[in-house]
Structure formats: structure tokens, C-alpha cells
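Coordinates in review
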Amino acid sequence: MSPAVEIAAASSALTPTDPHFSKQWSLYNQGQTVPIEEIGGGTTDVVAVSPVDINARAAWDISQGSTSVIVGIIDPGDTDLTHPDLINNIYPCGHSSGCDFVDGDGMNMPNAHGTHIAGIIAARLSNSQGVVGVAPKVKILPMRASADDQSMIDAIDYAVSVGVKIISVSQGGADFYNESVKAAIASSGILFVCSAGNDSTAAYNYPSAYALPNVISVANVDPTGELAPMSNYGEAHVHIGAPGKGIYSTLPGNQYGYRDGTSMAAPHVAGVAALLRSKYSSLTVTQIRDRILRTGMKLTSLSGVVQTGAMLDAYAALKDVGPVAPAASSVPGTVTLQWPAVSGATRYDVEVDGATVNVGSALSYVHSGLATGSTHVYRVRATVSGSSTPWSYRVLKKAVQDPTREAYVLESSHPYTSEDGFTGHVTKRNAKLLRAHFSKVELAPEVVLQYMVNDGDDTYLTGSYASGFWTHWKPGELYFEVSSDESATTYGFKIDAIEYLTGIPEQPYPPYYFDVLPGKIAVGVGCTPGSVDTRVFRATSVGGTYTQVATLPQSEWKYEDTSVTAGVTYHYKISCSNDLGVSPQSDPLSVVAQ
């Protein structure tokens, strides 16, 4: 082994004995299989990527919470206060409403949503019951309220009266904006950790989008480190990501189960805030917020999507991070780490998947010879005046091709005026995946920006997005529409950049239909994203030789074969090509000519 390399000592991190801890990938990701809800219904098993978790076991060596810290939960439903994994961590409600500020009749109808959130924050540790919470020794105060009316204000007032400093709020919507609620949050002295919403858009969701120094808005990250398809996002108003898909926690009636959503992401952050409050009681609410946001683990999938470009890291938040600010780039098989110089630094160390490498005075490190697609975690520290600084935040990077970013201008008139609406098409030759950056959107109330997300669902945006946003990644191209507006009172919109990934097209599906007429067969074809043209092949026997009979532009969806003989069976395949290469041929589809 090179003398410049030392292997980090084995972690003494605590491993809970709770029976279902192995299902809690968000706390300890061991590459387990996680059932994930699909947007269209049903579930899919996903293999988790092992570095993608909040580093909870290492955090618990520093803090597991304190009974003197009370975390409020404001939920639209009741919480099961008698669940065996929660009952000893419930702060008793002394309010005449029983802390049901909607109906005033107490927590008498336990709801799955609020109970699941309670377990994520504070299920007991190693108590022979189910799961463990992020902050298993704190107290929780479940309250029922709606985040857009007086019940929310009443819940906040009560929380203030009993000393709550952290509240988890997993509810809201674009129509939840309420000035009185906003004022109550602003003056409360409480940190509000709010779910960003599950509409798959950059829409402002309230209360998470209130621009207040005591609010954290949380997006949903899946077990592979990707932004969950249904998660709301937006660099201007969503601050950080946290695990929110396939989360296993408490349910009413001494039950447990998986749930998905930003509703599950927000309580992870509230739990880490509680660990910080427990360990460092002198930290203010804004200092706790700052710690959480600047110590998150950087993920490529969150860059430009949430304000920090990072996912929650409990251990880093408790330890705090040093002055080195690394960033990573990658190509297949190689990750390159770079960082700005730290004043007075004479040496830098890079932690690479647990091994520490002395890189001297270099301001970069190249990690090469990697398996394409493999995932790696890095930290960097400096030596200043003979002493090592604390480690930086973690950077998680996959050894794959990074997207290319370039200028791309497509815009409406300014101000926007149109009698028929605007249809836009953003494309890049050879691009298999593409997303566009709207630098500014400002639309009149009746005007809608619409584009497709998540394999068929549309997103609809209206109003003002002064700081802009990135769209979702789309296969090869983006179509969007802006409805008509004759008022000419608003800016309209402007796209100023795109990001894209190129590559050889994937294997296409077989021809998708035949229209058989005397002396002619019309073959329906369609190519995969990134294609420039479609190649059609034909054979006259199942095991025969396929001969190319046509090359069509990618925009063409039909090939008409007039060189056919009645009664003969023809077998067709297609392949897709671009400037980088040709896809494998599709499976065949057969038809008898007339």
C-alpha cells in the first residue's frame, strides 16, 4: 500500500436491535431491496445503493436525542398515541382540545399518515419493537391542524407555550397560502420542517415555500440517490432532499409498513434538527437550519433541483464540516474531485470510500479505473498550521457520463401576448435524455405552462417563477405549451440553457402495427430517444437473413413495403441509429401479405 494512503478505522457506529431496522434503508443503507410505489399504481422492487442514507448510525454515537427536546408534528389526521413503539416518547397534551385543533375531540381516530411520520422521528431505539426513529430519545407532540387556517395558528400557539422548537409539517398545497399562518410561523421562534409536495412540479407549495429563515422545505430522494419522480422541487424554494420513498415506519394498531412521499422526507430532517437541539442546546433555530443545509451530502441528481444540491446527512450536521468545498465531475470509469484553495493550507487529504489519500498541495483528485456506473463517496480536509481541519461534507458520485450543459434560447415575446398559445419543442441531436432551464416564467393568472412528466402525466404551472427552474429529465426532447394570452401584461417565459446526455440509441420495440392491403404492407415503426433515423429490416423466414429495406427519418412513423407477394409471410425488425452508432435490432413481428 502506498504510504500516502491510510485506511479509515472501522466504525464503531451503533446498530439497533429493533426487528425491522434492516428495512430502514434511509438510516442504514445496506443495498437492501425496497418496494417502491409506482405513480401509475402498484409497486416495484428497487435495490438500494448502499451509500445513500442519512448516516444515522454514526450520528447516534454523538446524539440519540434528549427527553428535554419536544418535536411537534402538525398533521391533518390523528396520530396513534398508544403504539408500542411511540407511547413512551409521546409528550402529553395539556390542551383542552386534546391537541386536535380541527374538531377539538382529541386523537381518537388514529391515522396512518401522522402515525408513520411520528415513527420516522421518534420510534424507540432497541426496544424489541419494530423500527427506530431518527431521534429515538426525544419527545413528540402530535397535533391535528390544517396548514391553511386558524387551526394551524392555534397549534403553533400551543406548541410555543410548551417549549417546542421544532415542528414537522407534512401537508400543504399551492392554494394553502395564508398570510396569518405565515405571520404565526415567522414569529414563533420554531423551526418548521415542511414537505415540498408530491405534484412532480416546481410549483410553490405552502407552507414549505414561505420565504422565512425558520422554514426548511424538503424534497423526496429514493433509495438509489435520485429525486423521486413525484417530488416537488425548485432551486429557489426547496432547500434539501431527504429519503422519502419506500420508508418503513409505524402504522396504527401496532402495525408497520412502507409509505412514500415528501411527507416521509420532512420528518427525517425534523429528526436531525432534534438531534442537534439535544446535543447543542445553545444553537438558535436559524443556526440549526444552517447546519442542516450546509452539511448535506452532494448528489448529482439534486444539482439545480434543490437549493443545496444535497441530501440530509445527520452525522455531518452533528460534527459540522470544514472549509474545503469539493465538487465532483465524472465520465464512465473515472470521477474527478476539485476544490478551491483554503487559505494557509499546506496539504489536502481526500477520503475515498473510507480510505484517506494524501494528495499534497494539489487541488484535485482523479479516481480512475472504476467500474462504469459504480457509486463512490468522497470527503476532503486541509492541513493548516500543522493541524487538520474537519472533513468537508460528503460528495456521492457515480462513475458515469455527466450531462453536458449549453446555452439554448427559446422564448416568448416580452411581454407575452398570443391569441392561439405557444407550442415549444426543445431538442438536441443524439440526446437520449434532456432537460431545459426556464430562466424566468411570469404568466397571467389564467395562463398555463404545460409539459409532460413521469411517462404520461402532465404538469401545469401558472404564476411567477422569477428565479426559474429546470424541467424534469425527458427522453430525448421536450414539448411544452403555453396557453393563449391577449393581455400582454406579463413577461412570459424564457429558456436559456439545456442539459443532455448523448449515446447510441437503445434497442427499440418491434414494429407496433401492420396495415395490410393488396400488394402493400404498411409497417408502424418508432425509435428510441436520441435516434436520428430508423432502419427497417425484412426476412421471409423465421430464421432467415434480414435485409435492410429502408432508412427513414426519425420523425417518420410508417414504412410502406410495396415489394410483397400475396400469401408470403414477412418478418420485420427495426433498429435505430444516430451519429454515435446503431442500436441492436428489435425483436421481429410477422404478417402475411395479401
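About the criteria used
- Residues numbered from 1 in each chain as written.
- Predicted model: local features only at pLDDT ≥ 70, side-chain atom pairs only at ≥ 80, totals over all residues.
- Heavy atoms only, no water.
- Helix = DSSP H or I, 4+ residues; strand = E, 2+ residues; numbered from the N terminus.
- Rg over C-alpha atoms; globule rule 2.2 N^0.38 Å.
- Buried < 20%, exposed > 50% of the residue type's maximum accessible area, 1.4 Å probe, protein only.
- Contact = heavy atoms within 4.5 Å.
- Areas by Shrake-Rupley, 256 points an atom, 1.4 Å probe, with all protein chains shown as cover.
- Lys, Arg positive; Asp, Glu negative; His and termini not counted.
- Charge placed at Lys NZ, Arg CZ, Asp CG, Glu CD.
- Pairing = 2+ DSSP bridges.
- Axes fitted to C-alpha atoms, helices over the stretch in contact; angles between N-to-C directions.
- Right-handed = clockwise from strand over helix to strand, strands pointing away.

Counting its secondary structure elements, the protein contains 7 helices and 38 strands. Taking 594 residues into account, the globule formula puts the C-alpha radius of gyration at 25 Å, and the protein, at 27 Å, falls close to it. Taking all 594 residues of the protein together, the buried fraction comes to 55%. For the protein, contacts bridging at least 24 residues in sequence account for 72% of all contacts bridging at least 6. Of the accessible surface of the protein, which amounts to about 23,500 Å², a share of 49% is contributed by carbon and sulfur atoms. The centroid of the 36 positive side-chain charges in the protein is displaced by 10 Å from the centroid of its 55 negative side-chain charges.

All right, on to the sheet that holds strand β35 (residues 558-561) then. Pairing in this open sheet of 3 strands is antiparallel, and the strands run β31-β32-β35 from one edge to the other. Looking at strand neighbours, the two that pair on one side only are β31 (513-517) and β35, the edges of this open sheet. Neighbouring strand axes in the sheet, compared pairwise and without regard to direction, differ in orientation by 15 degrees on average. Inspection of the sheet shows strand β32 (residues 520-524) paired to β35 by 4 bridges, in the antiparallel sense.

On the basis of which strands lie adjacent, the open sheet formed by 3 strands has the order β14-β15-β18 and antiparallel pairing. In this open sheet, the two strands that pair with only one neighbour each are β14 (327-331) and β18 (364-367). For this sheet the average axis-to-axis angle between neighbouring strands, irrespective of direction, equals 15 degrees. Here β14 pairs with strand β15 (residues 334-338) via 5 bridges, running antiparallel. Residue pairing in the sheet places Ala 328 in a bridge with Leu 337 of β15.

Our next topic: the pairing of strand β4 (residues 70-75). Regular strands place their side chains on alternate faces of the sheet. Counting buried residues along β4, 6 of its 6 residues qualify, which places the element largely inside the surrounding structure. What you see with β4 is no split at all: Ile 70, Gly 72 and Ile 74 on one side and Val 71, Ile 73 and Asp 75 on the other are buried throughout. Two strands pair when backbone bridges link them, and β4 and strand β5 (residues 139-144) are joined in this way by 6 bridges, in the parallel orientation. The residue of β5 that forms the bridge with Ile 74 is Met 143. What joins β4 to β5 is helix α2 (residues 112-122), and the crossover it makes is right-handed. Of the pairings in the sheet, the one linking β4 to strand β6 (residues 166-169) comprises 4 bridges and is parallel in character. The partner of Ile 74 across the bridge, within β6, is Val 169.

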